[in-house]
Every structure is written in C-alpha cells, then in structure tokens.
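Each chain, written out:
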Amino acid sequence: MTDKTGKVYLIGAGPGDPGLLTLKAKECIETADVVVYDYLASPFLLDYAKNDAQVIYVGKKGGDHTLTQDKINLLLVDKARQGLDVARLKGGDPFVFGRGGEEAQMLLSHGVSYEVVPGVTSAIAAPAYAGIPITHRDHTSFVSFITGHEDPTKKDTSMQWDIYAKSNATLVFLMGVKNLENIVKNLVTHGKAPDTPIALVRWGTTTQQLTVTGTLETIVERVKEAKLTSPAIIVIGHVVSLRDELAWFDKRPLFGKKIVITRARAQASSLVSTLTRLGAHCIEIPTIQIAPPKDKGPLKKSIENINDYDWVVLTSVNGVKFFFDTLFDMGKDVRALGHLKFACIGPVTKERLKDFGIISDILPKTYRAESVIESFSTVDIKDKNVLLPRAKKARTILPEELRKMGAHIDEVVAYETQLDDTKKETLISLLDENEIDAVTFTSSSTVSNFISQLESENTKTRLKNIVTASIGPITSDTARSLGIEPTLEAREYTIQGLVDALLSYYESCE
Ligand code: SAH
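Note that the coordinates shown come from a computational prediction; the quantities given were computed from them, not determined experimentally. (Residues numbered from 1 in each chain as written. Predicted model: local features only at pLDDT ≥ 70, side-chain atom pairs only at ≥ 80, totals over all residues. Heavy atoms only, no water.)

*Asks:* Got a minute to help me understand the overall build of the protein chain in this structure?
*Replies:* Assigned secondary structure in the protein chain consists of 19 helices and 20 strands. Dimensions of the protein chain, computed from C-alpha atoms along their principal axes, come out at roughly 90 × 65 × 45 Å. For the protein chain, with 510 residues in total, the buried portion stands at 50%. Counting contacts in the protein chain only where the partners sit at least 6 residues apart, residues at least 24 apart contribute 68% of the total. Only carbon and sulfur atoms are counted for the fraction: they give 50% of the accessible area of the protein chain, which is about 24900 Å². For the protein chain, the centre of its 60 positive side-chain charges and the centre of its 65 negative side-chain charges are spaced 1 Å apart. (Helix = DSSP H or I, 4+ residues; strand = E, 2+ residues; numbered from the N terminus. Buried < 20%, exposed > 50% of the residue type's maximum accessible area, 1.4 Å probe, protein only. Contact = heavy atoms within 4.5 Å. Areas by Shrake-Rupley, 256 points an atom, 1.4 Å probe, with all protein chains shown as cover. Lys, Arg positive; Asp, Glu negative; His and termini not counted. Charge placed at Lys NZ, Arg CZ, Asp CG, Glu CD.)

*Asks:* Help me understand the packing of helix α9 (residues 269–277) against helix α19 (residues 495–509) in this model?
*Replies:* Axis angle and axis distance: for two packed helices, these are the angle between their axes and the distance between the axes, and together they describe the pair. Packing of α9 against α19 leaves a shortest axis separation of 10 Å and a crossing angle of 30°. Considered as vectors, α9 and α19 are oriented roughly parallel to each other. The hand of the α9/α19 crossing is right-handed. On the side of α9, the interface is formed by S270, L271, T274 and L275, while α19 contributes I495, Q496, L498, V499 and L502. By residue class, the composition of the contact of α9 with α19 is six nonpolar, three polar and no charged. (Axes fitted to C-alpha atoms, helices over the stretch in contact; angles between N-to-C directions. Parallel < 35°, antiparallel > 145°, perpendicular 65-115°, else oblique. Left-handed = near helix turned anticlockwise from the far one by under 90°. Nonpolar A, V, L, I, M, F, W, Y, C, P; charged D, E, K, R; others polar.)

*Asks:* What's the story with the nonpolar core in this structure? I'm lost.
*Replies:* Formed by 24 residues in total, the largest nonpolar core has its most connected members in F173, L180, L187, I198, L200, I219 and I236. Elements supplying a minimum of two residues to this core: α5 (161–166), β7 (170–174), α6 (180–189), β8 (197–202), α7 (219–226) and β10 (232–236). Of all the elements, α6 adds the most residues to this core, at four residues. Discounting residues that sit within four places of it in the chain, I219 has contacts with L180, V184, I198, L200, V212, T213 and G214. (Core = buried A, V, L, I, M, F, W, Y, C linked by side-chain atoms within 4.5 Å.)

*Asks:* Would you mind showing me how to read the domain arrangement of the protein chain here?
*Replies:* In many reports, interface size means the accessible area that the parts give up when they come together. Taken as a whole, the protein chain is organised into domain 1 (7–119), domain 2 (124–251), domain 3 (258–287 + 420–509) and domain 4 (291–419). Its C-alpha centre places domain 1 at a distance of 48 Å from the equivalent point of domain 4. (Domains from an automatic or database assignment.)

*Asks:* Where do I start with unusual backbone geometry in this structure?
*Replies:* Glycine aside, a negative phi is what most residues show, and trans is what most peptide bonds show. Cis geometry marks the peptide bond from S230 to P231, where omega comes out at 0°. Among the secondary structure elements, P231 is positioned in the loop between α7 and β10. The backbone of R99 sits at a positive phi, close to 60°, despite the residue not being glycine. Looking at the element boundaries, R99 is found in the loop between β4 (86–90) and α3 (100–109). Take R99: its relative accessible area is 37%, and that puts it in the partly exposed class. Notably, W203 is not glycine yet its phi reads approximately 45°, a positive angle. Following the sequence through the fold, W203 ends up in the loop between β8 and β9 (210–215).

*Asks:* Explain α19 here, please?
*Replies:* Along an α-helix, residues three or four apart share an orientation, since each turn contains 3.6 residues. Over its 15 residues, α19 extends 21 Å from the first C-alpha to the last, a length consistent with the 21 Å expected when each residue adds 1.5 Å. Buried residues of α19: I495, G497, L498, V499, A501, L502, L503 and Y506, and no others. Where α19 is buried, its residues touch β11 (258–261), α9, β18 (438–441), β19 (467–470) and β20 (488–489). (Expected span 1.5 Å × (residues − 1).)

*Asks:* Would you explain the packing of helix α2 (residues 69–81) against α3 in this entry?
*Replies:* Look at α2 against α3: their axes get within 10 Å of each other, and the N-to-C directions meet at 50°. Comparing the axis directions of α2 and α3 gives the class oblique. In the crossing of α2 with α3, the sense of the turn from one axis to the other is right-handed. Across the interface between the two elements, Q69, I72, N73, L76 and V77 from α2 touch E103, M106 and L107 from α3. Class assignment of the residues belonging to the contact of α2 with α3 gives a composition of five nonpolar, two polar and one charged.

*Asks:* Which parts of the structure should I look at to understand the side chain of T140?
*Replies:* Note on placement: T140 falls in the loop between α4 (122–129) and β6 (143–147). The exposure class assigned to T140 is buried, which follows from its relative accessible area of 7%. Look past the residues within four positions of T140 in its chain and what remains in contact with it is I134, T135, N168, A169, T170 and V239.

*Asks:* Sorry if this is basic, but what is going on with the site of the ligand here?
*Replies:* Taken together, 17 residues form the shell around the ligand, and within it V96, T121, S122, G204 and A232 come nearest. A distance of 2.8 Å separates a nitrogen atom of the ligand from a polar atom in the backbone of D93. Protein burial of the ligand: of its 550 Å² of free accessible surface, 93% is covered by the chains. A class-by-class count of the residues in the shell around the ligand yields 11 nonpolar, five polar and one charged. No fewer than three residues from each of domain 1 (7–119) and domain 2 (124–251) sit in the shell around the ligand. (Near = heavy atom within 4 Å. Polar contact = N/O pair within 3.5 Å; in protein donor to acceptor, adjacent residues only side chain to side chain.)

*Asks:* Any chance you could explain the sheet that holds β11 here in plain terms?
*Replies:* Strand pairing within a sheet occurs via backbone hydrogen bonds; the two strands may be parallel or antiparallel. Read from one edge of the open sheet, five strands run β12-β11-β18-β19-β20, paired in parallel fashion. Looking at which strands have only one partner, the edges of the open sheet turn out to be β12 (281–284) and β20. In the sheet, β11 pairs with β18 via three bridges, with the strands oriented parallel. Paired with I259 across the two strands is A438, which belongs to β18. (Pairing = 2+ DSSP bridges.)

*Asks:* Is there a simple way to think about the sheet that holds strand β14 (residues 311–314) in this case?
*Replies:* Overall, mixed pairing links the five strands, which are arranged β13-β17-β16-β14-β15 in an open sheet. In this open sheet, the two strands that pair with only one neighbour each are β13 (288–291) and β15 (341–344). Pairs of neighbouring strands in the sheet enclose a mean axial angle of 25°, with direction left out of account. In the packing of helix α12 (residues 347–355) onto the sheet, contacts are made with β14 and β15, and the angle to β15 comes to roughly 140°. The sheet contacts of helix α14 (residues 397–404) involve β14, β16 (385–391) and β17 (408–419), and relative to β17 the element is tilted by about 175°.

Dropping the structure here:
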C-alpha cells in the first residue's frame, strides 16, 4: 500500500473509429497503470497502454455483464487505493447513457478523485458517418437523446411520447433496436406522421457500419429484412432524408469489403491503413513472421569486414532493418559505411534506407533480370565486392545477374521468414461463414503459408469464390503452382500497386 491514492479517469473512447479518440484520452491511456474497458470500446485503443499496464476487460454485451456494475465500482476504488492511476474507458461519451455519472458519484463517496474526459458520442457520430446531420437549419431546431432501453409499455414510464411525437426535434434513440417496434408504435399513436424518415445505424463509424432507412411505417420490416441487430443508433426526423445527398462513409470505393491481409504483422500497417481509408474492413491473418537468422554469424562477419566491400545491395525493408540492427548491435553506426555505394530494389526499400540517412545510388525497380541489368549497367560493377544481406531462401536471379556482370557477390542471411499459423482457426471459420471477400498476397511465402493452412479440399474450393489479389508475377506463379489462379495482379509490384489493382477490380464489377 502506498500513501498516494491514484486517480480514476472516466474516459470517452469514442464510437469505434480509433481516429475519433481525443488527444487527451490517448494521453490518459498512455500514462495509466490500469486500463479498464468494456465491449464497445475499440480494442485498437489498448495498443496505447504502457507495456506493463494492467489491462482489464469488464465486458458489457447486452445484459451479459462480465463484471457487475458493483464489482466494476469496487475494482476502480481498489486500484485507485493501491496508488494506481486508472483509465476507465467507455464507449462513446461516458456521460451519455454510459453510467459515467453513477461511477463519478461512487468514486466521490469513496474519496477517490477522478477526472472526466468526454468522448465523441455514437449518438452524434453514427448519424454523421451515415451522412445525417442531427441538426440542420431547414429541418430541425433541436435534438433529443433518448434511451430506447426502457420498456415503453411499463406504467410508470418516464418516456414523454406525446412530446417526442409533436416536436419537430431530431430524435436519437440509443439502446433501442430491440424496442424498435414499440418506439415506432408509440410515436405514431401519439401523432407523429407515419411517413417521418427514420434510420438505424449499426456499428457506426466502424468498417462494419450498416445503415437501414425507411419511414416509421416501413422501418420495422426493413430492419428485419436487413437482419440488423444491436448496437445501433436510431435517428428519427426530416434530417434523415439528407442521407440521400450527404452519404460519404459508405460511398468509399472499398466500403464493406472484407479483405484478409496475410503479411507479417510488423509490415501490415501501410496496407491496412490504405485499404481502411478506402473503406475496406481489413482482417489481419499474418501467415509469416520475420525473425533474425538462427545463425547471426555471417552477417556479423560481413559487417566486421565492411571495408572489404564496394557495394551493399538491399532487396527489402527487412533487409535494411536487420542490417542496421546488427550494425548498431556491434557498436557501429553509419560512419562505418561512408565508403560504400548502395542499391535498393524497389522504392519502399529506398525510403527505408533513407530513414537511416543513406540515399541509394541506384534503384532497380524490380527483381526482374532486365530491371537489374538496366540499373547496374549505369555503374561500374565489374570486379567489385558486393554484399547482399537478405532473406534465407531468397531468389537467385539477382546474384546470378550481378555475377554475369563480373561482380563478386557475398550473399548473407539477414533474416528468416517463418510460418505463422496462430490465426488458422479464425481463418477457417471466416471461410466457413463466408466472411471474406478478398485475400491479398504480397509475396510467394504469404501464398504458400496461407494455402498450407487450408486443410481440406473443401476450404480450397471455397477460396475459388474469393477475390485473390497478387502483388506481382512471381507471387502469382507460386499461387498457380498451388492450384489458385489469382483474380488480379498488381501492375506495379508495390503495396500501392496492389491497392490500385483492387480498386480497379471492384470498379469494374459495378
Ligand atoms: N456512452 C455511449 C452510449 C452507451 S449506451 C455513447 O456515448 O455512444 C449503448 C448504446 O450506444 C448502444 O445500444 C447503441 O445504441 C449505441 N452505440 C454505441 N456505439 C455505437 C456504434 N458504434 N454505432 C451505433 N450505435 C452505437
């Protein structure tokens, strides 16, 4: 026990899109000793927590609480009394139907100090992402946020149906999906026009957002047809009709497409963020992981003898990373490399090298023989000593071509790619449930490791209905050799090329 009592931060985690977290909330998560979160908060936000923070899930799915509210309260008090700062994350805003008020009162009664960090509430954000402004001068002058959870048939209700029905307010119901029929019936019975527009927005602001619109008369049927379930925001009023004109989030080119990313997790972020920005729902199923070589000796030795080399040729960002990691581990830095010339295969590798302060002298765009020959023909490589740090089992074309040009090539293993099958179960069940639209392959090993995880012929057959996107001809050949004909292939063999190919494929499907 310490003398100091910790503080509890009641934090709005926003409605789901991780980008809608406030800067203050992020800072609180980063510094907290304990992070307590429940069902609605986006799990991505937990990545901001300190490595040694205690991260505690207290659940909250419908009525199925993993911890009761009392137990959550006790937990918060207990942790604060141990002198720990607690980030209590709540979906949306903590004071909008979030029980934040009750938690603050309880903390106060136990003498625990707290702060409130408001969040972006789903009541505003979900309609906004559906293209529905909850106020608009031409349509409405006020908004009501109403619980849809209360049973509208109960006698001592606090619901003021006549007021809701007669006002021209935009009505926003939270927790109302199960009660939709009652909500609609009560409004119409109390005089609201049956043709009043209404929308339900499920999982608003996330890549799985689903919007169903209609009128008070038609909506129940439409929601049933769409099989829309909780959590959703219900918006009622003339502003809903603006969606026809203002929808934007679900108009993005890859919206709703469920795309599997098979790259190693450490490398997936640029592909994931580009596809997500275009509206896709990315599912990360890394099939490879990148690891240092089992025997680090050869790379160390070549760095030890770096003065004997004239050129270093780097073929991937991993090559760059592991080369410099080893250099630094050996207590050296870029000053040891001043005499060298560098070549990088591909623009991304070149950029990564520049991060370390070195500008590549030449840049073959691809591994293809013509490309390598063309680039190296501009420099004098004959009799030069070339260090080639790269993956174990890398392709032989590059050293072969350089040797033909008279260079002395020293190939050393800088890293290894290993099979990652930790997500195998997830992959199989997603395939079984038809929850995948496309799979991206960014190298031969992603293809072969992906396919090796599909045990039965059945899953392989299922893959035939899924868009398979290959980054280039070599990856495509590997896929073909394993019985999968890629649906599309990137024209430029880069991540952006792959994204462009997916975009034009889906464009052509429309
Ligand atoms: N404090 C939260 C609301 C908690 S009540 C906030 O400010 O957003 C839980 C209800 O919030 C759900 O039943 C649903 O109506 C709504 N909700 C939360 N997140 C949502 C989302 N991403 N999309 C649609 N509705 C959401």
